[in-house]
Amino acid sequence: VNYFQIPVTTTLMGKGAFDEDHLLALGMLGMHGTAYANFSVSECDLLIAVGARFDDRVTGKLDKFAAHAKTVHIDIDPAEVGKN
């Protein structure tokens, strides 16, 4: 994150996994998240998701969620990868 200056968003279940006072922390993603976090995902070209659940409260309309991004989804549960 620091080396490449990658902004970080979190989900509700991921809060606390990354220091929310860090300069690159944009806050929570989704319908209850921050405008900064949502805008960053809508405009990103690469989305790296670690342990994230892409439910409808995070993605909203799937065709608009990270529409121009390549997605790297890392999760311990194979059922979650590519679910949406």
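Residues numbered from 1 in each chain as written. Predicted model: local features only at pLDDT ≥ 70, side-chain atom pairs only at ≥ 80, totals over all residues. Heavy atoms only, no water.

Caption draft 1: Representation of the pattern of salt bridges. Counted according to the given criterion, the structure contains one salt bridge. Where Glu20 meets Lys15, a salt bridge forms, and the shortest distance between an N and an O atom there is 3.0 Å. For Glu20, a relative accessible area of 39% puts it in the partly exposed group. (Salt bridge = Lys/Arg side-chain N within 4 Å of Asp/Glu carboxyl O. Buried < 20%, exposed > 50% of the residue type's maximum accessible area, 1.4 Å probe, protein only.)

Caption draft 2: Region of the structure containing the environment of Phe18. Mapped onto the elements of the fold, Phe18 is located in the loop between β1 (8-10) and β2 (25-28). With residues near it in sequence (within four places) discarded, Phe18 still touches Val1, Val8 and Ala25. (Helix = DSSP H or I, 4+ residues; strand = E, 2+ residues; numbered from the N terminus. Contact = heavy atoms within 4.5 Å.)

Caption draft 3: Fine view of a nonpolar patch on the surface. A cluster of nonpolar residues, Val1, Tyr3, Phe4, Ile6, Leu46, Ile48, Val50, Val72 and Ile74, forms a patch on the protein surface that exposes about 920 Å² of accessible area. The set of elements that each furnish at least two residues to the nonpolar patch consists of β3 (46-50) and β4 (70-74). Tracing the chain through its elements places Leu46 in strand β3. A residue is classified by how much of its surface remains accessible, and Leu46, at 44% relative accessible area, is partly exposed. (Patch = residues over 30% accessible without salt bridge, like charges linked within 9 Å, V, L, I, M, F, W, Y side chains within 5 Å. Areas by Shrake-Rupley, 256 points an atom, 1.4 Å probe, with all protein chains shown as cover.)

Caption draft 4: Layout of the side chain of Thr10. Here Thr10 is to be found in strand β1. Once residues within four sequence positions are removed from consideration, Thr10 is found in contact with Lys15, Gly27, Met28 and Leu29.

Caption draft 5: Looking closely at the packing of aromatic side chains. Counting across every chain of the model gives one aromatic pair. Measuring from ring centre to ring centre gives 4.8 Å for Tyr3 and Phe4, while their planes differ by 85 degrees; the resulting arrangement is edge-to-face. Residue Tyr3 is classed as exposed on the basis of its relative accessible area, which comes to 73%. (Phe/Tyr/Trp six-rings, centres within 6.5 Å; stacked < 30°, edge-to-face > 60°.)

Caption draft 6: Quick peek at unusual backbone geometry. Of note in this structure, Gln5 is not a glycine but carries a positive phi near 55 degrees. Within the secondary structure, Gln5 is located in the segment before β1. For Ala66, which is not glycine, the phi torsion reads 45 degrees and is therefore positive. If you trace the backbone, Ala66 turns up in the loop between α2 (56-59) and β4. For Ala66, a relative accessible area of 7% puts it in the buried group.

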